[in-house]
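Read off the chains here:
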Amino acid sequence: MIELRGLTKRYGEKLAVDDLTFAVRPGIITGFLGPNGAGKSTTMRMILGLDSPTSGDVHIDGKHYDQLQEPLHHIGALLEAKGVHGGRRARDHLLCLAQSNGIPPRRVGEVLEMVGLSAVAGKRPKGFSLGMGQRLGIAAALLGDPDILMFDEPVNGLDPEGIHWIRTLMQRLASEGRTVFVSSHLMSEMALTAEHLVVIGQGKLLADTSMSAFIAENSHTYVRIRTPEPERMRDVLTAQGFRLSAGEGGAIEVEGDNAERLGELAAAERLVLHELSPQRASLEEAFMQLTAQAVEYHAHAGPEGAPQPAQPPAQPAQPAWGEEWNQRRAGGQGRTSEED
Amino acid sequence: MAHTSRVLKSEWTKVRSVRSTVWTLALALVVTVGLGALICLLTNNEYDDMSAHDKMTFDATFVSFAGMGLGQLAMIAFGVLVVSAEYSTGMIRNSLAAVPQRGVFLLCKVIVVGLLVLLVGMVTSFVTFFLGQSLLGDHGVSIGDHGVLRAVLGGGLYMTLIALFAVGVAFILRSPLLTFGILMPWFFLIANILGEVNATKKIAQYLPDQAGQTVMTVVQESLDRPYGPWQGLLIMVAWTVAALVAGFAVLKRRDA
């Protein structure tokens, strides 16, 4: 269990992480989603006690990180593919980490076996591919057989086989009852792996919800209707108070997900239906919608701190999503190492 | 205590598992011994042409340590690499995630590095001394002569302290490039120049290397310092402790 309370990190004028409060629960994969520069890596470094928060705190199994005598037994983390001395053999890299936490040396061989690196145990990681480096990092995370695993952008730059391997591994770890906390800027990736979602933008918490609830809340759900008598259908639906819009190829799109009621209505009015299908936006679309809202806000609402335009329910604080990313693109300055 | 001994073991694994350890320490030994031997050989040949004053202040022990000025650079390189490689490779994040007690982490690194360089430094110092004296022939001194054993032991301590000083500075500066860029020219050139120029001599003699090397002298006049050999070493110890304390403050306070 990882608990964040009011976690905040400020670099000079800039708030990299802004008052984050959430908990990561065991037994499921929790996705930590946000565009590049949203503060995901900074948050993860604070969880590990590497960066100290400006205010707020983090508890791992109820303790501060530096109160853990053998932290690798509690939490294993993959922060970045680098983080390994290129000239130190894979086996020795793991051995020195194991020794510092009183983990028996034979465990080094076991984790190397688990990640499929046994053949290169005696090689120096200098010559490792990105995927091999990632596997070595994961081997280090698994050393202490921890209950909590934290992976920062684990699939970045991996080939399809590597991506599949990491997904399967995370699912297995979660099914063993462990807490798995994984960050990504790719919504499609999260859709395939995560059961719970924590979304941040510009360091602020945007959502802390189950995957399905997130989609329901943030995406447009509608029912598509095709009928040979669209005019009469529209009249009937409007009379019932439904909100309609025109879909592709003469289809009618009815807001909401009440397909049963629409079918019953059509039957009562003796309307022929060619299609009656509930449509639900994917996670990707939901995520894009958040981005789009932020961009819209940014264009119309002026300077930061201005009152927010209409927001979806249950999300009081909606910052300019992707704003920083845009600035970064334009200016090319700032702490680039933070999220890359 | 159990915790500290685990971290010590881990730091020892780190040190022994990279090639730079072997080549920097081997270089320190070879350069110090080799250059010292060469200078002893030349000195022996030229001794008769030396001025009366030079003969008066001739310090056979100190002459045999003439290679240390260059050999210490390899010791410094070792001290710098042990620390700054953690930062340049990003290993520091793994290290501190495994050992979040930063004081214990630094202490264990200092102990492991200190013991290793003490061993290599002592071997270097004794080999340098005995080889040098044999090449000085009639002008050489014996280990049993007054102050000589202290000077030879001091040579080993000097090398240990210079490496630990580099460790402290590397914890402050983190970047290998920056640390090398400052320490190498400093100890190779600047400190020596400051020590030779009359205007700066009075202050420069309190710099870590200038003060520390008095412990390797037997004839006081050869360096002409206002403090004795052990006091000189003590000044160097103070510098080293200061560098390590500052390094710890940076490690403790800054984000990794």
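Chain B is annotated in an unreviewed UniProt entry as ABC transporter permease subunit from Streptomyces boncukensis.

Within an unreviewed UniProt entry, the label attached to chain A reads ABC transporter ATP-binding protein, and the organism entered is Streptomyces boncukensis. Per its UniProt entry, chain A bears the Sequence similarities (unreviewed entry) comment "Belongs to the ABC transporter superfamily."

It is worth spelling out the UniProt feature "transmembrane region" (unreviewed entry) in chain B at this point. Residue and element names in this part refer to chain B. Within this numbering scheme, the UniProt entry marks residues 21-42, 62-83, 104-131, 151-172, 177-195 and 230-251 as carrying the feature "transmembrane region" (unreviewed entry). Each end of residues 62-83 is marked by a C-alpha atom, and these two atoms are 31 Å apart; helix forms 86% of the span and strand 0%. Overall, residues 177-195 shows 100% helix and 0% strand. The separation of its end C-alpha atoms is 26 Å.

A few words now on the pairing of strand β10 (residues 221-226) of chain A. Residue and element names in this part refer to chain A. Pairing between β10 and strand β13 (residues 275-280): 6 bridges, direction antiparallel. Paired with Arg226 across the strands is Glu275, a residue of β13. Sheet topology note: the β10/strand β12 (residues 252-255) ladder contains 4 bridges and is antiparallel. Looking at the pairing, Tyr222 lines up with Glu255 of β12.

Another point: the interface of chain A and chain B. Where interface size is quoted, it is often the accessible area lost as the parts come together. In this assembly, 34 residues from chain A lie in contact with 30 residues from chain B. When chain A packs against chain B, the two sides together hide about 2,600 Å² of surface, and 48% of this comes from carbon and sulfur. On the chain A side of the interface with chain B, the three residues burying the most area are Leu50, Arg88 and Gln99 of chain A, jointly 22% of the side's total. Between the two partners, chain A and chain B, sit 2 salt bridges. The partner of Arg6 of chain B in a salt bridge is Glu70 of chain A, and the shortest N-O contact between them spans 3.3 Å. Our count for the chain A to chain B interface comes out at 16 residue pairs in polar contact (both at pLDDT 80 or more). Looking at the side of chain A that touches chain B, the elements that each hand over two or more residues are β1 (2-11) and α2 (90-100) of chain A. Looking at which element gives the most residues to the side of chain A that touches chain B, the answer is α2 of chain A, with 7 residues. Counted by class, the side of chain A that touches chain B contains 11 nonpolar, 12 polar and 11 charged residues.

Rules behind the numbers
- Residues numbered from 1 in each chain as written.
- Chains lettered and ligands numbered in written order.
- Predicted model: local features only at pLDDT ≥ 70, side-chain atom pairs only at ≥ 80, totals over all residues.
- Heavy atoms only, no water.
- UniProt positions renumbered as here; feature names shortened; annotations may be inferred.
- Helix = DSSP H or I, 4+ residues; strand = E, 2+ residues; numbered from the N terminus.
- Pairing = 2+ DSSP bridges.
- Contact = heavy atoms within 4.5 Å.
- Buried area = accessible area lost by both parts, 1.4 Å probe.
- Salt bridge = Lys/Arg side-chain N within 4 Å of Asp/Glu carboxyl O.
- Polar contact = N/O pair within 3.5 Å; in protein donor to acceptor, adjacent residues only side chain to side chain.
- Nonpolar A, V, L, I, M, F, W, Y, C, P; charged D, E, K, R; others polar.

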